[in-house]
Amino acid sequence: MTTPRGEQQLRQHTAGVDPLAALRGPGDPECDVFLTGTVFLDIIFTGLDSAPVRGTETWARGMGSSPGGVANMATALARLGLRTHLAAAFGDDHYGDYCRDALEQGEGIDLSRSRTVPGWHSPVTVSMAYEGERTMVSHGHEAPETAVGELPEYPPRARAAVASLVPGRREPWVAEAARRSTRIFADVGWDDTGRWDLAGLADLEHCEAFLPNAEEAMRYTRTTCPRAAARALAEKVPLAVVTLGAEGAYAVDSRTGETAEVPAIEVAALDPTGAGDVFVAGFVTGTLAGWPLADRLAFAGLTAALSVQEFGGSLSAPGWVEVAAWWEYVQECTDQDPAALRRYAFLEALLPAPIRPWPLRRAVPTIGFRRPV
């Protein structure tokens, strides 16, 4: 369950906004969104002028640490006001304690289905951000099956779940969640096998929406155009959403025949870590709230754009406080296109009054810092 301190911390991002308030009732599922996966400790080096050069020592002007991996998605969902449950394994080392505390106490994420695994060390990723790109080095081992094997097989009743599809692998919890009328949203990673076989994504049959990036979508569909790839994917899944990077996103709803395309917001990108997770979280939020398809794409793109202006994965995820501050700021900018801004006017009824002026600074905690007394 979410702890009182977790609830208090979460309100710093949500400002009390509940995008699903009008839909809640006594027969609600146990949670809004369920996730399971691997939590990494992310160590992020910032302020690098270029990529490290072999045989030299490179100094970074800044460093931060935060929970990563599936924690990026969980944090993004929680900061948008969704009741988020995460089932994951945590090491019994200092890294595991830090990640667990940051998610449960700092973000208000329910970890009651998670486990601490004795003798297992936490997976670690070191990310180096420079020139708007990133380079990562990771290390870790699979958690013992005896410790986590039961976690994803019995998901809670949830409005939605987010699954990361893996070629050639079927996750039993996905089918079970779909059987309980949970709406399944899925993303996918790079296919290291090089086969790019869409039939190998076995759990796609249970998904309501599939959200790959343009390169992944084109490789899986053997097309050379991301929009053609989205149309091909819509023959396999009810809703196909393809992210187009700096061009925005394109979606095809095969149930209604509707298509939508929304351009990206131009921002100075500092670190793209976790931006894809933030996009999915924004799209899930809008979908559960019942927004039109184009509004969902616009909101997802906005949250992703706000995230890349900060360093880190989970730490960069914006909440309603950040969205409200951005909205107030851009309306006063003389270089903004009024017609383009009207694309986001649908948010006005939902946004809280700005608490702090833009730009906001999301905290960057680092292991080793003492919590203020």
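Coordinates for the structure precede this section.
Our subject in this report is the structure included herewith. (Residues numbered from 1 in each chain as written. Predicted model: local features only at pLDDT ≥ 70, side-chain atom pairs only at ≥ 80, totals over all residues. Heavy atoms only, no water.)

A word on unusual backbone geometry. For alanine 15, which is not a glycine, the phi torsion comes out positive at approximately 55°. When you line up the elements, alanine 15 lands in the loop between α1 (4-14) and β1 (31-36). Classification of alanine 15 by relative accessible area gives partly exposed; the value is 29%. A positive phi angle is found at serine 181, which is not glycine, with a value near 70°. Tracing the chain through its elements places serine 181 in the loop between α5 (172-179) and β10 (183-188). (Helix = DSSP H or I, 4+ residues; strand = E, 2+ residues; numbered from the N terminus. Buried < 20%, exposed > 50% of the residue type's maximum accessible area, 1.4 Å probe, protein only.)

Evaluated as defined, the whole model comprises one cavity of 30 Å³ or more. What the largest cavity holds in volume is close to 30 Å³. In terms of lining, the largest cavity is formed by Val39, Ala89, Phe90, Gly91, Gly96, Cys99, Trp120, Ser122 and Pro123. Residue assignment for the lining of the largest cavity shows that the elements contributing at least two residues are β5 (89-91) and α3 (94-107). Residue contributions to the lining of the largest cavity peak at three residues, all from β5. (1 Å grid on protein atoms, 1.4 Å probe; cavity = no way out; pocket = protein on both sides within 12 Å on 5 of 7 lines; lining within 4 Å. Points joined across faces, edges and corners; volume = space filled by probe spheres on them.)

Per the stated rule, a full pass over the model turns up 19 salt bridges. Among the ionic pairs, arginine 179 bridges to glutamate 176, the shortest N-O distance being 2.7 Å. Within this pair, arginine 179 and its partner glutamate 176 are both found in helix α5, separated by three residues, close to a single helical turn. Under the relative-accessibility criterion, arginine 179 is labelled exposed at 61%. The partner of glutamate 247 in a salt bridge is arginine 227, and the shortest N-O contact between them spans 3.4 Å. Highlighted residues: glutamate 247 in the loop between β12 (239-243) and β13 (249-253) and arginine 227 in helix α7 (residues 226-233), separated in sequence by 20 residues. Judged by relative accessible area, glutamate 247 falls into the exposed class, the value being 51%. Look at arginine 227 and you get partly exposed, because its relative accessible area is 22%. (Salt bridge = Lys/Arg side-chain N within 4 Å of Asp/Glu carboxyl O.)

What follows is about the side chain of aspartate 203. Position of aspartate 203 relative to the elements: it lies in the loop between β10 and β11 (209-210). What makes aspartate 203 buried here is its relative accessible area of 3%. Within the local environment of aspartate 203, its side chain forms a polar contact with the backbone nitrogen of glutamate 171, the two atoms lying 2.8 Å apart. Among all residues touching aspartate 203, those that are not within four sequence positions of it are Leu165, Arg169, Arg170, Glu171 and Val174. (Polar contact = N/O pair within 3.5 Å; in protein donor to acceptor, adjacent residues only side chain to side chain. Contact = heavy atoms within 4.5 Å.)

A separate point is the packing of helix α2 (residues 70-79) against helix α8 (residues 275-288). Look at α2 against α8: their axes get within 8 Å of each other, and the N-to-C directions meet at 40°. The angle between α2 and α8 places the two elements in the oblique class. In this structure, α2 meets α8 at a crossing whose hand is right-handed. Residue-level inspection shows Asn72, Met73, Ala76 and Leu77 of α2 in contact with α8, the latter providing Asp277, Val278, Val280, Ala281 and Val284. Of the residues belonging to the contact of α2 with α8, the class tally is seven nonpolar, one polar and one charged. (Axes fitted to C-alpha atoms, helices over the stretch in contact; angles between N-to-C directions. Parallel < 35°, antiparallel > 145°, perpendicular 65-115°, else oblique. Left-handed = near helix turned anticlockwise from the far one by under 90°. Nonpolar A, V, L, I, M, F, W, Y, C, P; charged D, E, K, R; others polar.)

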